[in-house]
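Listed below are the residues making up each chain.
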Amino acid sequence: MAFFTKKEAVPPVAPEQLPKHVGFIMDGNGRWAKKRGMPRGFGHIEGGKVYKKIMTYCRDIGIPYASFYVFSTENWSRSQEEINGIFKLMREYLDDVQSFKHEGVRWLVVGDKSKFPQDIQERMTKLEEETRDNDRLTSIMCCNYGGRNELAHSAREIAELVKKGELEPEDITEDTINAHLYTAGIPDVDLVIRPSGELRLSNFLIWQCAYAEYYFTNILWPDFTTDDLDKALIDFAGRGRRFGGAE
Ligand code: FPP
């Protein structure tokens, strides 16, 4: 099935005022389900539908990169039932190769994939390979992702190069660390959107968000709409970003 956003996809601000990279912390699924007397997994199912709507809208209005926090390194502490429900959803989206492939979406999984069941790892690799030439939107899926874990991963890779004599410690720069992150080659996050009323980053793309703007809303992720995204984008366009410089 092709992805279309319901309303005509017109960016709420001038194209040059749009962020290049938006990060979404898809929070509040559990509370959304609880409010309806339903199991937490029901919230994740609805959250998955919202992922697709928002991802598609980002593509249609011309945002080139969108990151989504799907499963954190801390989420393994949830019940096996809830984890299995999230795995089931992951399989569904990962199997939707055809629609992603023909809709211009490049899927990228960042995080330590090795902890996922073998079939999920294979599906991830397949979807990444099948969509690698798409260039309208890169949908970065943070799976078993943690910012600190990613920095440790980058440090280990760099240490190996030093051990082999291929790199001198004094030549390690911010660019070196960046080049060994899971997100190497992806621009920094410009705007982080966290629904559900929590005011935290929760280990999400901590290096990449160093100069990001933040937008918090009390809406729970399953209720988050393209109109809510428009509000965040309008807010973002009004911020004065100085990246540490003076006005
Ligand atoms: C956080 O809400 C959400 C998660 C840990 C899971 C996010 C997963 C999805 C939205 C499913 C989408 C899957 C794919 C592959 C697109 P929470 O459970 O922490 O909510 P709470 O804070 O209300 O308990």
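Residues numbered from 1 in each chain as written. Predicted model: local features only at pLDDT ≥ 70, side-chain atom pairs only at ≥ 80, totals over all residues. Heavy atoms only, no water.

Report on the overall build of the chain, specifying residues and quantitative values.
When you go through the chain residue by residue, the secondary structure sums to 8 helices and 6 strands. From first element to last, N terminus to C terminus, the chain shows the α and β order β-α-α-β-α-α-β-α-β-α-α-β-β-α. Computed over the C-alpha atoms, the radius of gyration of the chain is 18 Å, within 12% of the 18 Å expected from 2.2 N^0.38 for a compact globule of 247 residues. In terms of overall dimensions, the chain has C-alpha extents of about 55 × 50 × 35 Å along its principal axes. Scored against the burial criterion, the 247 residues of the chain give a buried share of 48%. (Helix = DSSP H or I, 4+ residues; strand = E, 2+ residues; numbered from the N terminus. Rg over C-alpha atoms; globule rule 2.2 N^0.38 Å. Buried < 20%, exposed > 50% of the residue type's maximum accessible area, 1.4 Å probe, protein only.)

Give me the lowdown on the site of the ligand, citing residues and values where you can.
Taken together, 18 residues are adjacent to the ligand, and Asp-27, Gly-30, Arg-31, Arg-40 and Arg-78 come closest. One nitrogen or oxygen atom from the main chain of Arg-31 is found 2.7 Å from an oxygen atom belonging to the ligand. A distance of 2.7 Å is found between an oxygen atom of the ligand and a side-chain nitrogen or oxygen belonging to Arg-78. Its free accessible area being 630 Å², the ligand has 91% of it covered by the protein chains. (Near = heavy atom within 4 Å. Polar contact = N/O pair within 3.5 Å; in protein donor to acceptor, adjacent residues only side chain to side chain. Areas by Shrake-Rupley, 256 points an atom, 1.4 Å probe, with all protein chains shown as cover.)

Help me get a handle on the environment of Asp-133, residues and values and all.
Assignment of secondary structure puts Asp-133 in the loop between α5 (118-130) and β4 (137-145). In the structure, Asp-133 is positioned 44 residues away from Ile-177 in sequence and 26 Å away in space, judged by C-alpha atoms.

Kindly report on the side chain of Ser-139, identifying the contributing residues and their values.
With respect to the helices and strands, Ser-139 occurs in strand β4. Within the structure, the side chain of Ser-139 is placed 2.9 Å from the side chain of Tyr-51, a separation counted as a polar contact. Among residues more than four places away in sequence, those in contact with Ser-139 are Tyr-51, Met-55, Ala-66, Phe-68, Val-105, Arg-106, Trp-107 and Leu-108. (Contact = heavy atoms within 4.5 Å.)

So what about the packing of aromatic side chains? Which residues, and what values?
For the structure shown, the criterion picks out 16 aromatic pairs. Consider the rings of Trp-221 and Phe-224, whose centres lie 5.3 Å apart with planes at 15 degrees: the pair is stacked. Across the pair, Phe-224 and Trp-221 agree in class, each one buried. By the ring-pair criterion, three or more aromatic residues cluster together here, those being Phe-24, Tyr-51, Phe-68, Tyr-93, Trp-221 and Phe-224. The ring of Trp-32 has Arg-36 lying over it, and the distance from NZ or CZ to the ring centre is 3.9 Å. If you follow Lys-52 out to its NZ or CZ, it ends over the ring of Phe-100, 5.5 Å from the centre. (Phe/Tyr/Trp six-rings, centres within 6.5 Å; stacked < 30°, edge-to-face > 60°. Lys NZ or Arg CZ within 6 Å of the ring centre and 35° of its normal.)

Account for the packing of helix α3 (residues 80-94) against α5, naming residues and giving values.
Any two packed helices are characterised by the angle at which their axes cross and by the distance between the axes. Between α3 and α5, the least distance of the axes is 10 Å, while the angle of their chain directions is 30 degrees. Judged by the inter-axis angle, α3 sits roughly parallel to α5. Both α3 and α5 take part in a crossing whose hand is left-handed. Seen from α3, the contacting residues are Phe-87, Met-90, Arg-91, Tyr-93 and Leu-94; seen from α5, they are Asp-119, Ile-120, Arg-123, Met-124 and Leu-127. Class assignment for the residues of the contact of α3 with α5 results in 7 nonpolar, no polar and 3 charged. (Axes fitted to C-alpha atoms, helices over the stretch in contact; angles between N-to-C directions. Parallel < 35°, antiparallel > 145°, perpendicular 65-115°, else oblique. Left-handed = near helix turned anticlockwise from the far one by under 90°. Nonpolar A, V, L, I, M, F, W, Y, C, P; charged D, E, K, R; others polar.)

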